[in-house]
Amino acid sequence: MTALYMDGFDHYGTGAASALNMLAGSWAFVNQTTCSVPSWGPRTGQYCLSANGFGPSGARYALNTPSTHYFVSFGYSVPILSSGECFPIIFRDNGAGAILYLNVLSNGQIQVKNSANTVIGTTAHPVIVAENWHFFECEINTSAHTFVLRIDDPSGGDTPVLSISDSSITGTIALIGFLEGTGGTEGYCDDVFIRDAGGSENNSWLGDRRVATLLVDADTATAGWTPNYYQKIGTGILNNTATSAGVSAASATNLNLGSGDFTIETFHRFQALPSSSNKAVILGKWNDTANQRSYQLYLGSIALNGGSIGFRTSTDGTNSTVVDKITYPWTPDLDTWYHIALVRSSGNLLLFVNGQQFGLPIADSDTYFAGTAALGLGGQAESGIVAGTSLQGWFDETRLTVGFARYTTNFTPTSVAFPRGVSDPQWADVMLLCGFDTVIQDESGIGRTLTANNGSVQQTVNDGPTVGAYSTIGKAVPDDNTFISAPYVAATGILTVTVKPTNTSTVTVGTKDGSTPAVYTFKTSISTAFDVLIDTDIQSTLQNLYNAINAGPGAGTKYGTSTTSNFDVFATQLPAGQMQVTANIPGTGGNSIASTETLASGSWGGTTLSGGLDIPGPSNFKVQGLPPTTTLVSAIQLTVRASKSDAGLGSINSAFVGPLGGVSTSTTHNLTISSSYYNDVHELDPDTSGPISPTTIRNGAFQINRDT
Amino acid sequence: MTSAVRTPTSQAAILASTEAVSTPRTSQLVELAAYGPPQTKFALSKQEAIIAAVAQGHNVTTNISQAAMMIAYGTGNPSLQKQASWTFVLDGHRFYVLPLGPEGDWAYDTTTHEWCQLQTQGFPGINFTHGVMWGLRVIGGDAIYTYLYELDPNQPFDEAWREVEHKVTGGIATRTRAVIGVANFSLTASVGLDSAVDQAISLAFSDDNGVTWSEEYDIPLTDVSSQMLIWNALGSFAAPGRVFRLTDFSGPIRLDGADVVLTRGTGADSGQEQDGQKA
């Protein structure tokens with residue numbers, strides 16, 4: 001390996017955001033420096049690096065393995081020639097001390113200075129012209145105490161403009177800075193290509209090299225990676241990501257739910273979960289300040305309700321009659337669309353997420369308060385949206401049906417817009433309907449006025465299957481709210497018990513040791529291992545069972561002594577007579593873990609756990625076409641901006657796949673929760689082990705693989 | 001109006017390459033203390049909701065929000081000064097190719113006695129060296145890499161990825177200082193089988209022997225073979241005359257000829273307001 005890094009500055013976006021994006025994994029220091037376009041245009045691609053010369057400005061690249069011998073090439077341009085500083089390049093040591101740097105004089109000559117700011121070389125003639133791009137290629141060897149500079153040499157064969165041998169050129173190079181300076185002189189840089197002198201490729205003068213960014217624009221094998229688009233249904237969504245954002249509607253009697261059936265449903269997507277003691281209101285008619293509480297569906301923070309989805313009501317508007325009807329633990333994945341539906345059907349509340357019922361029906365025949373609170377979508381609407389109640393995320397199709405329970409069993413959420421008008425048999429019951437395709441408006445027959453508060457806005461989507469399957473990762477400006485994802489999911493099973501287990505009834509799940517089934521026997525009096533005490537009620541008995549499965553508290557009192565923790569699963573308790581077990585090892589292997597019982601009134605969802613998903617296989621992606629004037633390729637760099645959803649293992653690697661199937665693999669990168677750039681450089685054709693050709697790139701593929 | 005001459009460039013496809021190499025991939029299974037959202041398909045009798053202390057965890061998902069391949073590439077590599085001339089026969093025309101280094105590669109059609117320049121984008125000349133006839137096939141080598149190419153006039157792309165740009169020029173010389181109006185310029189071409197979707201063919205003209213050129217006036221090409229290509233109201237010119245230039249990328253299969261309708265007059269248009277028009 002000789003080529004270490006390249007950057008064309010075309011994939012960070014522009015302005016302040018571009019500097020932040022550069023810092024996420026690619027650059028060590030960026031100050032007063034962004035990506036932009038000079039009036040005379042970038043050297044290659046759409047943008048280049050630009051520094052304003054104040055600050056100090058500039059960007060530094062940190063070398064993974066500091067050394068003494070490097071080749072660096074880049075394009076450099078300035079709007080004016082002045083005595084102000086905008087050093088094209090500075091080589092720095094581990095302590096960021098300058099080893100050697102270039103300075104452009106007001107007449108266009110270039111000086112080379114050492115760590116003591118002593119001039120150790122000056123070009124014989126002016127070599128820089130304002131508003132022109134110049135190609136720099138330099139070699140520094142601090143072991144040999146030499147520095148050589150070529151400017152505008154297309155093939156690296158001309159006489160260098162500077163060739164210096166000076167004992168002051170010494171030290172280990174750890175950082176390479178571009179456009180650094182404090183003199184207020186603007187500067188621009190493009191096509192950075194850094195190499196060391198090792199390896200057998202690209203370890204000498206190359207001549208003019210440019211850096212093109214070829215975004216992923218198609219795939220050859222999706223292999224299970226899932227695109228997470230903004231687009232859900234139609235062409236628009238509600239962007240509710242601003243602080244205290246939300247949509248409100250004035251109170252109306254037809255928004256009261258009374259004591260009958262109703263259906264609240266919406267598609268929503270969290271950018272962040274509520275923190276501190278906050279909640280994220282999905283939809284409600286609730287005013288704490290004026291004692292006008294009626295009903296509210298929300299997701300609470302961990303501190304508020306253990307991170308649960310909640311539904312609470314009041315019968316007279318006061319706090320004294322507030323009842324949390326549903327509190328069900330749920331941690332949604334960020335940037336993932338969910339359909340949520342809360343239904344009251346014949347006096348029972350039913351909660352569905354993505355069409356699957358969460359928990360058991362909750363009896364509720366209360367008449368909700370018919371108060372004067374405003375309706376709030378995405379926040380609690382009082383006089384504006386109450387701080388700490390906004391759902392930071394996005395909404396799509398949202399519907400409130402009063403007087404009809406649309407869902408009473410599991411279902412598949414719609415993939416098209418809810419019907420409007422006569423095509424909906426319950427159209428007369430629809431009291432609120434929003435699609436957000438073009439504007440924020442109530443599309444129900446009511447046509448009530450909606451108010452967008454604190455930056456809640458309609459957002460026209462720019463991605464989705466119709467735009468391009470890889471509009472998520474093929475973006476020139478990174479947007480970490482859309483991505484492709486590779487899940488690794490453990491199988492689960494839920495045990496539901498409606499009557500307290502009888503003596504000697506059993507629950508079997510997983511194994512004791514990898515082979516012997518783990519059979520848990522309910523006993524009125526425990527005596528042996530794997531006995532579980534039948535306690536005072538269902539919930540306490542289930543608690544004894546999940547403690548036995550986990551070998552948790554209560555050994556010898558609540559479950560039999562010498563009970564070992566289950567070899568295959570661990571257990572968690574759920575509300576309302578339910579308990580969940582989860583396979584210890586993620587993946588489809590958990591889908592074969594047995595789950596049976598001999599209960600008179602209880603059951604598992606199936607005879608084995610289910611829902612386990614394996615890591616998808618490697619996915620090959622095609623990239624955009626090369627610049628048509630490309631004649632040769634010195635190296636490629638596979639750049640991936642990635643993150644993981646939670647603490648735990650999550651790593652990826654990328655590979656360059658040749659047209660004939662050869663694969664050049666890269667380093668495995670352990671991801672963090674924050675998005676960062678991960679770069680891997682390849683210099684050889686994966687099919688031939690020779691130089692990479694344009695044809696190899698055009699017909700090859702960029703492979704992304706999740707390792708762990 | 002002189003006759004239009006097709007100026008082909010290197011339409012080449014990879015003929016030979018090398019053997020595949022495969023590298024196995026290794027995956028690991030790891031233990032994650034986590035679980036996904038619980039699901040149940042049971043709807044039993046009504047019960048009281050009880051919040052339990054649940055050790056909430058999550059399955060880890062890896063997310064990729066941007067992926068790009070960067071390439072450090074070179075362009076404009078000078079041709080070798082000394083290259084052998086070679087010849088080939090295409091459509092019954094024998095071409096004699098002279099690689100002239102920095103001056104480019106030129107081919108002489110011994111049938112029509114016309115010269116044309118052969119150039120691959122990014123190269124001073126054509127990226128097709130040391131050509132030979134192999135039976136009726138024309139074979140040559142890549143200037144940099146170890147590829148063999150076949151010259152194939154039916155391929156819309158060089159090296160299967162690089163757009164082929166065709167340029168042809170024709171002119172009308174005049175000594176008169178009286179202005180000559182150009183009512184229209186029409187092109188007869190076979191535009192069917194256009195491999196690229198809605199590629200444009202453009203017309204530009206120069207009234208100073210190619211020193212400066214008008215803007216390019218585009219007409220999108222469709223796959224309709226009967227499409228008429230007419231540019232109307234192209235201003236006027238005087239001495240030394242006007243040169244017309246047609247440019248397209250992988251567009252028509254054949255240009256049959258071009259005609260121009262001229263008008264004598266004393267006024268002159270600036271040419272700035274002219275525009276191509278699809279008839």
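**Student:** Mind laying out the overall build of chain A, listing which residues take part and the relevant values?
**Tutor:** Check the secondary structure of chain A and you find four helices and 50 strands. Here chain A, with 708 residues, has 60% of them falling under the buried criterion. Within chain A, contacts between residues at least 6 apart in sequence are counted, and of these 68% link residues at least 24 apart. Treating the 30 positive side-chain charges of chain A as one cloud and the 53 negative ones as another, the clouds have centres 7 Å apart.

**Student:** Describe the domain arrangement of chain A, with residues and values.
**Tutor:** Per the domain assignment, the segments making up chain A are domain 1 (3-196), domain 2 (214-227 + 463-478 + 615-708), domain 3 (236-460) and domain 4 (492-603). One C-alpha centre belongs to domain 2 of chain A, the other to domain 3 of chain A; they are set 40 Å apart.

**Student:** Account for helix α1 (residues 15-23) of chain A, naming residues and giving values.
**Tutor:** Each α-helix winds once per 3.6 residues, and so residues spaced three or four apart point in a common direction. Residues and elements named next belong to chain A. All of the buried residues in α1 are S18, A19, N21 and M22. For α1, the angular spread of buried residues about the axis comes to 165°, placing them on one side. Along α1, exposed side chains directed more than 90 degrees from the buried face belong to A16 and L20. Where α1 is buried, its residues meet β2 (29-31), β3 (33-36), β4 (48-51), β5 (57-67), β45 (632-644) and β49 (676-682). Positive phi shows up at G25, right after α1, with a value of about 105°.

**Student:** How would you explain the nonpolar core if you had to name every residue and give the values?
**Tutor:** Membership of the largest hydrophobic core comes to 47 residues, with the highest contact counts inside it found for W27(A), F91(A), F147(A) and F178(A). Beyond its immediate sequence surroundings of up to four residues, F91(A) is in contact with V72(A), G97(A), A98(A), I99(A), L100(A), C138(A), I140(A), F147(A), I173(A), L175(A) and I176(A). The next biggest cluster of nonpolar side chains, apart from the first, holds 45 residues, and it includes F621(A), Y678(A), F88(B) and V138(B).

**Student:** Account for the side chain of N547(A), with residues named and values stated.
**Tutor:** Here N547(A) lies in helix α3 (residues 538-550). When near neighbours in sequence (up to four residues on either side) are disregarded, N547(A) contacts G552(A), P553(A) and Y559(A).

**Student:** Can you break down the pairing of strand β4 (residues 93-99) of chain B residue by residue, with the values?
**Tutor:** All names here are of chain B. When strand β3 (residues 86-90) meets β4, the two strands line up antiparallel, connected through five bridges. Each residue of the ladder has a partner; that of L90, found in β4, is H93. Of the strand pairs in this sheet, β4 and strand β5 (residues 105-109) are connected by five bridges, and their pairing is antiparallel. Directly across from P99, in β5, lies its bridge partner D105.

**Student:** How would you explain the pattern of salt bridges if you had to name every residue and give the values?
**Tutor:** All names here are of chain A. Counting across every chain of the model gives 26 salt bridges over all chains. R43 is paired through a salt bridge with D191; the nearest N and O atoms lie 2.7 Å apart. Of this pair, R43 sits in the loop between β3 and β4 while D191 sits in strand β15 (residues 187-196), and the two are 148 residues apart along the sequence. Comparing R43 with D191, the two get one shared label, buried. Ionic pairing is found between D366 and K325, a salt bridge with its closest N-O pair at 3.0 Å. Of this pair, D366 sits in the loop between β27 (356-363) and β28 (375-377) while K325 sits in strand β24 (residues 323-329), and the two are 41 residues apart along the sequence. Through salt bridges that share partners, E265, R399, R406 and D424 make up one connected network.

**Student:** Which residues make up the sheet that holds strand β9 (residues 110-114) of chain A, and what values do they have?
**Tutor:** Residues and elements named next belong to chain A. Taken in spatial order, the seven strands make up an open sheet running β2-β5-β14-β7-β8-β9-β10, and their pairing is antiparallel. Strand pairing shows two members of the sheet lacking a second neighbour, β2 and β10 (119-122), which therefore form its edges. Going across the sheet, the axis of each strand differs from the next one's by a mean of 15°, ignoring polarity. Both strand β7 (residues 87-92) and strand β14 (residues 173-181) contribute to a ladder of five bridges, which runs antiparallel. Bridged to I89 within β14 is F178.

**Student:** How would you summarise the sheet that holds β5(B) if you had to cite specific residues and measurements?
**Tutor:** All names here are of chain B. Read across the sheet, four strands follow the order β3-β4-β5-β6 without closing on themselves; strand pairing throughout is antiparallel. Each having just a single partner strand, β3 and β6 (114-118) make up the two edges of the open sheet. Strand-to-strand twist across the sheet, computed as the mean angle between neighbouring axes with direction ignored, equals 30°.

**Student:** So what about unusual backbone geometry? Which residues, and what values?
**Tutor:** Of note, the bond from A239(B) into P240(B) is cis; its omega dihedral lies within 30 degrees of zero at 10°. Residue position: P240(B) is located in the loop between β17 (236-237) and β18 (241-249). With a phi close to 50°, S276(A) is a non-glycine residue in the positive phi region. Here S276(A) lies in the loop between β20 (262-270) and β21 (279-287). Its identity as a non-glycine residue notwithstanding, N354(A) has a phi of 50°, on the positive side.

**Student:** Give me the confidence of the model for chain B: which residues, what numbers.
**Tutor:** Interpretation of the predicted coordinates at a detailed level should be avoided for regions scoring low in pLDDT. Averaged over all residues, the pLDDT of chain B equals 74, while 67% of them reach at least 70. Contacts for the low-pLDDT stretch residues 1-57 of chain B, under 50 throughout, to residues beyond four places or in other chains number 191 contacts.

**Student:** Talk me through empty space enclosed by the protein; I want residue IDs and the actual numbers.
**Tutor:** Residue and element names in this part refer to chain A. By the definition in use, this model includes six cavities of 30 Å³ or more. In this structure, the largest cavity is lined by 15 residues; those nearest its centre are I326, Y328, F358, L360 and I362. Mapped by element, the contributors of at least two residues to the lining of the largest cavity are β24, β26 (348-353) and β27.

**Student:** Requested: an account of α3(A), with residues and values cited.
**Tutor:** All names here are of chain A. Its 13 residues give α3 an end-to-end C-alpha distance of 18 Å, which sits within 8% of 18 Å, the value for a rise of 1.5 Å per residue. I538, Q539, T541, L542, N544, L545, Y546, N547, A548 and I549 are the residues of α3 that are buried. Capping the start of α3 is the job of one residue whose side-chain oxygen sits 3.3 Å from the backbone nitrogen of Q539: D537. The positive-phi residue at the C-terminal boundary of α3 is A551, with phi of around 55°.

**Student:** So what's going on with the environment of P628(A)? Residues and values would help.
**Tutor:** Its place among the elements puts P628(A) in the loop between β44 (619-623) and β45. Overall, the relative accessible area of 35% leaves P628(A) in the partly exposed class. Separated by 66 residues in the primary sequence, P628(A) and P694(A) place their C-alpha atoms 9.8 Å from one another. With near-sequence residues (within four places) excluded, P628(A) lies in contact with Q121(B), W161(B) and R162(B).

**Student:** Run through the packing of aromatic side chains, naming residues and quoting values.
**Tutor:** Following the criterion strictly, the structure yields 36 aromatic pairs over all chains and no others. Where Y407(A) meets F411(A), the ring centres are 3.8 Å apart and the plane angle is 10°; that geometry is what we call stacked. The exposure class assigned to Y407(A) is buried, which follows from its relative accessible area of 13%. On the numbers, 4.9 Å between centres and 45° between planes, the contact of Y108(B) with W115(B) is tilted. Note on Y108(B): relative accessible area 23%, which makes it partly exposed. Grouped by ring-pair contacts, the aromatic residues Y5(A), F9(A), Y12(A), W27(A), Y61(A), F74(A), Y76(A), F136(A), F178(A) and Y677(A) constitute a single cluster. The ring of Y368(A) carries the charged tip of R344(A) above its face, separated from the ring centre by 4.4 Å. Between R399(A) and the ring centre of F418(A), over which it is positioned, the NZ or CZ distance is 3.9 Å.

The rules we used
- Residues numbered from 1 in each chain as written.
- Chains lettered and ligands numbered in written order.
- Predicted model: local features only at pLDDT ≥ 70, side-chain atom pairs only at ≥ 80, totals over all residues.
- Heavy atoms only, no water.
- Helix = DSSP H or I, 4+ residues; strand = E, 2+ residues; numbered from the N terminus.
- Buried < 20%, exposed > 50% of the residue type's maximum accessible area, 1.4 Å probe, protein only.
- Contact = heavy atoms within 4.5 Å.
- Lys, Arg positive; Asp, Glu negative; His and termini not counted.
- Charge placed at Lys NZ, Arg CZ, Asp CG, Glu CD.
- Domains from an automatic or database assignment.
- Arc of directions from axis to C-beta.
- Core = buried A, V, L, I, M, F, W, Y, C linked by side-chain atoms within 4.5 Å.
- Pairing = 2+ DSSP bridges.
- Salt bridge = Lys/Arg side-chain N within 4 Å of Asp/Glu carboxyl O.
- Axes fitted to C-alpha atoms, helices over the stretch in contact; angles between N-to-C directions.
- pLDDT = per-residue confidence, 0-100.
- 1 Å grid on protein atoms, 1.4 Å probe; cavity = no way out; pocket = protein on both sides within 12 Å on 5 of 7 lines; lining within 4 Å.
- Points joined across faces, edges and corners; volume = space filled by probe spheres on them.
- Expected span 1.5 Å × (residues − 1).
- Polar contact = N/O pair within 3.5 Å; in protein donor to acceptor, adjacent residues only side chain to side chain.
- Phe/Tyr/Trp six-rings, centres within 6.5 Å; stacked < 30°, edge-to-face > 60°.
- Lys NZ or Arg CZ within 6 Å of the ring centre and 35° of its normal.

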